[in-house]
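# Architecture at a glance
Listed below, chain by chain, are the residues.
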Amino acid sequence: MIKPKTEVPDITLPLINDTQWTLSEQRSSSFTMLVFYRGLHCPVCRKYLQELTKKLSDFSERGVHLIAISCDTEERAKKAGEEWSISELPVGYALPIETAREWGLFISKGIKDTEPGEFSEPALFLIRPDRTLYASSIQTMPFARPNWDDILDAIDFVEKKGYPARGGE
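Parameters at a glance
Residue numbers here run from 1 along each chain, matching the order of that chain's written sequence. For a predicted model such as this one, the threshold for reporting local features is a pLDDT of at least 70, and the threshold for listing and counting side-chain atom pairs is 80 or more; totals across whole chains, interfaces and linings nevertheless cover every residue. To obtain the side-chain values, all non-hydrogen atoms of the structure were used and water was disregarded. Paired strands are those between which DSSP finds at least two bridges. Strands are runs of DSSP state E lasting at least 2 residues, helices are runs of H or I lasting at least 4, and numbering of each runs from the N terminus. Throughout, a residue-residue contact means that at least one pair of heavy atoms, one from each residue, lies within 4.5 Å. Lines fitted to the C-alpha atoms define the axes, with helices restricted to the stretch that makes contact. Angles between their N-to-C directions range from 0 to 180 degrees. Take the number of residues in a helix, subtract one, and multiply by 1.5 Å to get its expected span. The buried label applies to any residue whose accessible area, calculated with a 1.4 Å probe on protein chains only, is under 20% of its type's maximum; exposed applies above 50%, and partly exposed to all values in between. Directions drawn from the helix axis to the C-beta atoms are what define this arc. Under the rule applied, a polar contact is a pair of N or O atoms within 3.5 Å (in protein, one hydrogen donor and one hydrogen acceptor; residues adjacent in sequence only if both atoms are side-chain atoms).

## So, the sheet that holds strand β3 (residues 32-36)
Strands sit in the order β5-β4-β3-β8-β9 across an open sheet of 5 strands; the sheet is mixed. Edge strands, defined here as strands with exactly one partner in the open sheet, are β5 (91-92) and β9 (133-138). Pairing analysis gives 5 bridges linking β3 to strand β4 (residues 65-69), with the strands arranged parallel. Across the sheet, Met33 pairs through a bridge with Leu66, a residue of β4. Across the face of the sheet, helix α1 (residues 43-54) comes into contact with β3, β4 and β8 (123-127) while running at roughly 155° to β3.

## Observations regarding the environment of Tyr163
Within the secondary structure layout, Tyr163 lies in the segment after α5 (148-161). When sequence neighbours within four positions are dropped, the list of residues in contact with Tyr163 reads Tyr134, Phe157 and Val158.

## Quick notes on α5
Look at α5: 20 Å from first C-alpha to last across 14 residues, which is about the 20 Å you get at 1.5 Å a residue. Buried residues of α5: Trp148, Ile151, Leu152, Ile155 and Val158, and no others. Looking straight down α5, one finds its buried side chains confined to an arc of 125°; they lie on one side. For α5, the exposed residues lying more than 90 degrees away from the buried face are Asp150, Lys160 and Lys161. Elements in contact with the buried residues of α5: β3, α1, α2 (56-61), β8 and β9. Taking the backbone nitrogen of Asp149 as reference, a side-chain oxygen 2.7 Å away marks Asn147 as the first, capping residue of α5. Residue Gly162 follows α5 closely and has a positive phi angle near 65°.

This is how it looks when you write it as structure tokens:
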């Protein structure tokens, strides 16, 4: 488990727009937000990322860089980007299961033909520009994820009040 106020591991992933994304290269003025999702097979993820896509400008206005990440293959990730109409969203793929474990994500084995053999469960990480963890929310299932408006309100509060990271003890 990564504790708040500690440096997170660097991560580099290919994106569905045929570019590459590296955490240590992000130059956010407030946070970099990593949104781990289950993959193409997950209808809850589809809705969640579609809602996030509608909020991209709200996060951008707050200086937040973000990425959605899955263990999906290139083919599956690009299919999700197209079918889900989330092409504006930076979508990373091919997250190795071992890297998912390093981040403290829960791993599930596929139980249906439409699911990959293994995949990570959802999580959200807010990371400060110095690459230290500010906050995280890690799920064991696709349900009960943080609401985007709540995250935006929290970022506003944190920035206005200089509210420190908590829970690192």
